[in-house]
Amino acid sequence: MLARRLTCLAALLLSACGARAPAPRPSAPPAGAPTERQFQVREAQIENGAIVVHVEIPPGPPGRKPAVLVNLNESSALLAEGIVAVTYRVDWSRLPGAPPTPAPATENTVGKWALAAPSPRLVGEQFLRTIAATATLVVPRVIDYLVTVPGIDPARIAITGVSTNGFIALEAIAAEPRLSVAVAVAACGDYFRFLRYSSMGMDGRPLDLDPTYAARLRTQQPIAHPRRLVHAALLMVNRVQDPLIPIACADETQRVLAPVYASSGFARRFRFVRIEDAGGHGLGPREDQENLAWLRTWLLGAS
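1. Brief notes about the overall build of the chain
The helix and strand inventory of the chain stands at eight helices and eight strands. Residues counted as buried form 53% of the 303 residues belonging to the chain. Partitioning the intrachain contacts of the chain with sequence separation of at least 6 by distance along the chain shows that 73% fall at a separation of at least 24. On the chain, roughly 12600 Å² of surface is accessible, and the fraction owed to carbon and sulfur atoms is 52%.

Take a look at the structure:
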């Protein structure tokens, strides 16, 4: 179903190597986390119901609070820190400008899972179209709503994501200057290396994309316009042995972004973590630790 496309793409990427998929809320919240009865819940339908936004607001501290569009299973931990947790879901069939319906799986002859395509010249095309649509059509509409919510500080809105949602986070901060913090786990901003070396794509074989598709990627990929990202404090975390998100893609993203952050006077706003001792694709304790530490630093002013 078209309405479930993004959820399915994220699940495919995470399930491919047995990773744990993000859930709206962990079953065992950390000590001190507000219970569901303690935090305030707001839900809104925007864009004529095409986007549903779910907001969980902790009881304290008083005053306006930072908010995070969460995709790393961290809602309870954030609520315990006094941070608003935001999730959203999209009905693509009702959203103007949505990507076209994916081709039937039986027509795909190259790649697998999220990057499967009917031709090597279009490998990953549907996946990256959906990433762009979410980052440029959906996330800005969600933020439009968040800045109207009493208790949310519009200067402290963040986005996190692993895998599919990590790609969305990178593109979203390039498109949306109201995002001040981002965490992208198991994602990257060099789409040509991603498509060529990912085991879901060409798996190391030469990349020969359709010229129109290649031209679009050259402008879409985050490394094409690094200065659009420097307004946000960005953490990237990647596993060296991840077969789905090649470390070469992440390394190139770091090579492009780090000097731009530094030359803009914001070197501290960019951090890249390579995890050497964890295999496969997914989200584990180290990624959780880095994510929460980054959010505490840039949303709460923790040292």
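2. Quick word on the nonpolar core
Counting residues in hydrophobic clusters, the biggest one holds 97 residues, and the most contacted among them are I159, F194 and L234. The contacts of I159, once residues within four sequence positions are left out, are L69, V139, I168, A169, A172, I173, L179, V181, A182 and V183.

3. As for the pattern of salt bridges
Any two side chains of opposite charge can pair, so long as their charged atoms come close to each other. Here the structure, examined in full by the defined rule, presents 15 salt bridges. One salt bridge in this structure joins R129 and E125, with 2.4 Å as the shortest N-O distance. Within this pair, R129 and its partner E125 are both found in helix α3 (residues 125-146), separated by four residues, close to a single helical turn. The partner of R286 in a salt bridge is E290, and the shortest N-O contact between them spans 3.2 Å. With R286 and E290 both in helix α8 (residues 285-300) and four residues apart, the pair spans about one turn of that helix. Put simply, R141, D144, E176 and R178 are held in one network by salt bridges that share partners.

4. Structural notes on the side chain of K65
Following the sequence through the fold, K65 ends up in strand β3 (residues 65-69). Here K65 is buried and forms no salt bridge, its nearest opposite-charge partner D153 lying at an N-O distance of 11 Å. There is a polar contact of 2.9 Å between the side chain of K65 and the backbone oxygen of P61. Polar contacts involving the side chain of K65 include one to the main-chain carbonyl oxygen of G63, which spans 3.2 Å. Setting aside residues up to four positions removed in sequence, K65 forms contacts with I57, P58, P59, G60, G82, V84, G151, I152, D153 and R156.

5. Section: helix α6 (residues 211-220)
Three or more residues of α6 are buried, namely Y213, A214, L217 and Q220. When α6 is viewed along its axis, its buried side chains cluster within an angular range of 125 degrees and face the same direction. Exposed and facing more than 90 degrees away from the buried side of α6 are P211, T212 and T219. Buried-residue contacts for α6 involve α3, α4 (164-175) and α5 (191-197). The backbone nitrogen of T212 has a side-chain oxygen 3.1 Å away, supplied by the residue at the start of α6, namely D210.

6. Some details on the packing of aromatic side chains
Summed over the entire model, instances satisfying the criterion amount to six aromatic pairs. Ring geometry for F167 versus F194: centroids 4.8 Å apart, planes at 40 degrees, classification tilted. Of this pair, F167 sits in helix α4 while F194 sits in helix α5, and the two are 27 residues apart along the sequence. Through successive ring pairs, a cluster of aromatic residues spans F127, F167, Y191 and F194.

7. Some words on the pairing of strand β2 (residues 51-57)
Among the seven residues of β2, seven are classified as buried, and the element is accordingly described as predominantly covered. Here β2 shows two buried faces, one formed by I51, V53, V55 and I57 and the other by V52, H54 and E56. Direction of pairing for strand β1 (residues 40-46) relative to β2: antiparallel, over a ladder of seven bridges. The residue bridging I46 from the neighbouring strand is I51, located in β2. Remark: four residues form the turn of the hairpin made by β1 and β2, two consecutive strands paired antiparallel; E47 in that turn has positive phi of roughly 50 degrees. Two elements, β2 and strand β4 (residues 84-90), share six bridges in a ladder whose sense is antiparallel. Opposite H54, over in β4, you have T87 as the bridge partner.

Calculation rules
Residues numbered from 1 in each chain as written. Predicted model: local features only at pLDDT ≥ 70, side-chain atom pairs only at ≥ 80, totals over all residues. Heavy atoms only, no water. Helix = DSSP H or I, 4+ residues; strand = E, 2+ residues; numbered from the N terminus. Buried < 20%, exposed > 50% of the residue type's maximum accessible area, 1.4 Å probe, protein only. Contact = heavy atoms within 4.5 Å. Areas by Shrake-Rupley, 256 points an atom, 1.4 Å probe, with all protein chains shown as cover. Core = buried A, V, L, I, M, F, W, Y, C linked by side-chain atoms within 4.5 Å. Salt bridge = Lys/Arg side-chain N within 4 Å of Asp/Glu carboxyl O. Lys, Arg positive; Asp, Glu negative; His and termini not counted. Polar contact = N/O pair within 3.5 Å; in protein donor to acceptor, adjacent residues only side chain to side chain. Arc of directions from axis to C-beta. Phe/Tyr/Trp six-rings, centres within 6.5 Å; stacked < 30°, edge-to-face > 60°. Pairing = 2+ DSSP bridges.

Read these as spatial facts, not as claims about activity.
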